[in-house]
Amino acid sequence: MILKDRIALVTGAGAGIGQAVALTYAQQGATVILLGRKSKHKKLEKTYDLIQEVGGTATIVPLDLENELGIVPDLVKGLYERYGRLDILVNNAGDLGSLTPLALYDNLQWEKVMRVNLTAPFFLIRELLPLLKLSDDASVINVVSSVAFKGRHFWGAYAAAKAGLVNLTETWSAELEKSPVRMNTVNPGGTATAMRASAFPGEDPQSIPQPHEITPLFLYLASAYAKEVRGQHLAARDWLGWMPGVN
Ligand code: NDP
């Protein structure tokens, strides 16, 4: 139970990687705040039920990262009153947008992808910082993608936003150097989720890792094992099979 008594917030916790990370954290003793869209409440309830089944603790926060950031200050107040701090923040929620040549990219879609993938993590980090600073060792994990490091045709707004998130992580890390808050990115690598299927419809999902297989890096970064790890860009594929205290 390497996250015993830790308080973790995972965005996009109703499906895919976010669900697997939330479940892993709960299994390791963390109380997990499951953030996702109200319109997809059933998916958040599913994650909640999975956590209950393993004897974990979770709470649901419905919030649309595209257009409900205005209620984040209320969320911060509520979290402070209930938990007094935040130890782990995983900016996992993501919007793929459309795989389209830049010349044809729809303006509204561009705005949406930027809001969910870049503006929301920035805003959440900034607003939650006072709570993170109340932790003895706070870990922020920003979920990026291979296209963040090298643009590829048709990945448009998604790639640009994820590249922005890489840069944002470096800036935050530099500014938080002397604080208990450490921040890193995780590139999950191709993982069998709805988003992956939408980007690669012809791919056999059994040929790539499942969400629960890529959680070791998320666990490592959230734990005290990574206390000195700051401003790094890490790949989940390099951490498959990592187990605390074993390897
Ligand atoms: P999913 O589509 O399964 O999950 C995406 C999550 O983001 C969903 O839980 C979704 O919530 C949430 N989300 C989307 N828009 C919003 C919004 N406006 N407000 C709140 N939540 C929102 O995909 P993955 O699990 O694959 O993606 C997780 C992360 O991993 C993303 O950041 C993605 O970019 C990244 N990634 C994934 C890879 C892969 O191969 N799977 C590879 C590289 C990076 P809702 O339930 O409300 O739809």
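Before any of the text, the structure's been laid out above.
To keep things clear, this report deals only with the structure shown in the data block. (Residues numbered from 1 in each chain as written. Predicted model: local features only at pLDDT ≥ 70, side-chain atom pairs only at ≥ 80, totals over all residues. Heavy atoms only, no water.)

This part takes up the site of the ligand. For the ligand, the set of nearby residues contains 28 residues, the closest of which are Arg37, Asp64, Asn92, Tyr158 and Thr193. Between Ile17 and the ligand, the recorded distance is 2.9 Å, taken from a backbone N or O atom to an oxygen atom. A distance of 2.9 Å separates an oxygen atom of the ligand from a polar atom in the side chain of Lys43. A total of 890 Å² of accessible area belongs to the ligand in isolation, and the protein chains cover 93% of it. Taken together, the elements giving at least two residues each to the shell around the ligand come down to helix H1 (16-27), helix H5 (156-175) and helix H6 (194-199). Residue classes in the shell around the ligand are distributed as 11 nonpolar, 10 polar and 7 charged. (Near = heavy atom within 4 Å. Polar contact = N/O pair within 3.5 Å; in protein donor to acceptor, adjacent residues only side chain to side chain. Areas by Shrake-Rupley, 256 points an atom, 1.4 Å probe, with all protein chains shown as cover. Helix = DSSP H or I, 4+ residues; strand = E, 2+ residues; numbered from the N terminus. Nonpolar A, V, L, I, M, F, W, Y, C, P; charged D, E, K, R; others polar.)

So, about the pattern of salt bridges. Under the counting rule described, the total for this entry stands at 9 salt bridges. Across the salt bridge formed by Arg85 and Asp87, the nearest N and O atoms sit 2.8 Å from each other. Note that Glu203 and Arg196 form a salt bridge whose closest N and O atoms lie 2.7 Å from each other. Judged by relative accessible area, Arg196 falls into the partly exposed class, the value being 21%. Taken together, the shared-partner salt bridges connect Arg6, Arg85, Asp87 and Asp136 into one network. (Salt bridge = Lys/Arg side-chain N within 4 Å of Asp/Glu carboxyl O. Buried < 20%, exposed > 50% of the residue type's maximum accessible area, 1.4 Å probe, protein only.)

Moving on, we come to the pairing of strand S1 (residues 7-11). The buried count for S1 comes to 5 of 5 residues, which makes it a mostly enclosed element. A two-sided burial pattern is seen for S1, the buried positions comprising Ile7, Leu9 and Thr11 on one face and Ala8 and Val10 on the other. Bridge count between S1 and strand S2 (residues 31-36): 5 bridges; the pairing is parallel. Of the residues in S2, the one forming a bridge with Leu9 is Ile33. With H1 bridging S1 and its parallel neighbour S2, the resulting β-α-β unit is right-handed. As paired elements, S1 and strand S4 (residues 88-91) share 3 bridges and run parallel to each other. If you follow Leu9 over to S4, its bridge partner there is Leu89. (Pairing = 2+ DSSP bridges. Right-handed = clockwise from strand over helix to strand, strands pointing away.)

With that settled, the discussion passes to the nonpolar core. Among the nonpolar cores identified, the biggest contains 35 residues, and Leu9, Ile33, Leu65, Leu79, Leu86, Leu128 and Leu132 are the most heavily contacted of them. Broken down by secondary-structure element, the contributors of at least two residues to this core are S1, S2, helix H3 (72-83), helix H4 (107-132), strand S5 (138-143), H5 and strand S6 (181-187). Counting residues per element, this core draws most heavily on H4, at 8 residues. Those residues in contact with Leu128 that sit more than four places away from it in its chain are Leu9, Val76, Leu79, Leu86 and Leu89. The next biggest cluster of nonpolar side chains, apart from the first, holds 33 residues, and it includes Val32, Val229, Leu234 and Ala236. (Core = buried A, V, L, I, M, F, W, Y, C linked by side-chain atoms within 4.5 Å. Contact = heavy atoms within 4.5 Å.)

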